[in-house]
Amino acid sequence: METKQKYPVRTGTDRSFGVTFTVFFLLVALLPVLKGRPPRLWGGGVAGLFLILSLLRPPVLHPLNVLWARFGRLLGRVTEPVFAAVIYGIAILPFGLLLKLFKPDMMKMQYNPDAKTYWTVRERTASSMKNQY
């Protein structure tokens, strides 16, 4: 039984995928050189393999490209709720707690039994209507 995906995996070109991983593994190979150590030969070999495949036979990299895109989608499904919770906890929750603590009447909604109306009279002049947007 074949399952259809709700949203098909969209990927970049196989060649750009190969070049990106070439650069990544080249950095992995050359990073120890910054600390005076010899380069990682296996990283250079993998970088060379990705470079050759991306220049000569990009379709060979297509399964890895799709797998990488699926991994990115899975990673997004995991990290998105975490980041949303962090933003909520840092920005929205403390502001709401401060409003609960100090109870400002920002919308002027306190009940006043003596008031005839809650209408706020505002003065409008011709100069106040300039540059509205």
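Residues numbered from 1 in each chain as written. Predicted model: local features only at pLDDT ≥ 70, side-chain atom pairs only at ≥ 80, totals over all residues. Heavy atoms only, no water.

Undergrad: Please explain the overall build of the protein chain as it appears in this structure.
TA: The number of helices and strands found in the protein chain is three helices and zero strands. Each helix and strand of the protein chain, placed in order from N terminus to C terminus, yields the pattern α-α-α. Its C-alpha atoms give the protein chain a radius of gyration of 30 Å, more than 25% over the compact-globule value 14 Å for 133 residues. With respect to the three principal axes, the spread of C-alpha positions in the protein chain is 85 × 50 × 40 Å. In the protein chain, the proportion of contacts linking residues at least 24 apart, taken out of those at least 6 apart, comes to 59%. Of the roughly 12,300 Å² of accessible surface on the protein chain, a fraction of 67% belongs to carbon and sulfur atoms. (Helix = DSSP H or I, 4+ residues; strand = E, 2+ residues; numbered from the N terminus. Rg over C-alpha atoms; globule rule 2.2 N^0.38 Å. Contact = heavy atoms within 4.5 Å. Areas by Shrake-Rupley, 256 points an atom, 1.4 Å probe, with all protein chains shown as cover.)

Undergrad: Looking at this structure, I do not really get a positive patch on the surface. What am I missing?
TA: A contiguous patch of positive charge, built from Arg-10, Arg-70, Arg-73 and Arg-77, is present on the exposed surface. Within the secondary structure layout, Arg-73 lies in helix 3 (residues 62-102). Taking the relative accessible area as the measure of exposure, Arg-73 reaches 37% and is therefore partly exposed. (Patch = residues over 30% accessible without salt bridge, like charges linked within 9 Å, V, L, I, M, F, W, Y side chains within 5 Å. Salt bridge = Lys/Arg side-chain N within 4 Å of Asp/Glu carboxyl O. Lys, Arg positive; Asp, Glu negative; His and termini not counted. Charge placed at Lys NZ, Arg CZ, Asp CG, Glu CD. Buried < 20%, exposed > 50% of the residue type's maximum accessible area, 1.4 Å probe, protein only.)

Undergrad: Explain the side chain of Ser-54 here, please?
TA: Residue placement: Ser-54 occurs in helix 2 (residues 41-56). Beyond its immediate chain neighbours, meaning those up to four positions away, Ser-54 contacts Arg-15, Gly-18, Val-19, Thr-22 and Leu-61.

Undergrad: Looking at this structure, how should I read the nonpolar core?
TA: Proteins that are soluble and globular tend to have nonpolar side chains buried together. Residues Phe-17, Phe-21, Phe-25, Ala-47, Phe-50 and Leu-61 constitute the largest nonpolar core, which totals six residues. Those elements that provide at least two residues to this core are helix 1 (14-30) and helix 2. Top contributing element to this core by residue count: helix 1, with three residues. In contact with Ala-47, not counting residues within four places along its chain, are Thr-22, Phe-25 and Leu-26. (Core = buried A, V, L, I, M, F, W, Y, C linked by side-chain atoms within 4.5 Å.)

Undergrad: Before we go on, may I ask you to explain helix 1 in this structure?
TA: Between the first and last C-alpha of helix 1 there are 24 Å, a value that for 17 residues agrees with the 24 Å anticipated at 1.5 Å per step. If you check which residues of helix 1 are buried, you get Asp-14, Phe-17, Gly-18, Phe-21, Thr-22, Phe-25, Val-28 and Ala-29. Seen along its axis, helix 1 keeps its buried residues to an arc of 140 degrees; they face one direction. Those residues of helix 1 hidden inside the fold are in contact with helix 2 and helix 3. (Expected span 1.5 Å × (residues − 1). Arc of directions from axis to C-beta.)

Undergrad: Would you take a moment to explain the packing of helix 1 against helix 2 for this structure?
TA: Any two packed helices are characterised by the angle at which their axes cross and by the distance between the axes. The interhelical angle for the contact between helix 1 and helix 2, taken along N-to-C directions, is 165 degrees, at an axis separation of 8 Å. By the criterion of interaxial angle, the relationship of helix 1 to helix 2 is roughly antiparallel. When you trace helix 1 past helix 2, the crossing you get is left-handed. Of the residues in helix 2, those in contact with Arg-15, Phe-17, Gly-18, Val-19, Phe-21, Thr-22, Phe-25, Leu-26, Val-28 and Ala-29 of helix 1 are Trp-42, Gly-43, Gly-44, Val-46, Ala-47, Phe-50, Leu-51, Ser-54 and Leu-55. Along the lines of polarity and charge, the residues of the contact of helix 1 with helix 2 split into 13 nonpolar, five polar and one charged. (Axes fitted to C-alpha atoms, helices over the stretch in contact; angles between N-to-C directions. Parallel < 35°, antiparallel > 145°, perpendicular 65-115°, else oblique. Left-handed = near helix turned anticlockwise from the far one by under 90°. Nonpolar A, V, L, I, M, F, W, Y, C, P; charged D, E, K, R; others polar.)

Keep in mind these values describe shape, not function.
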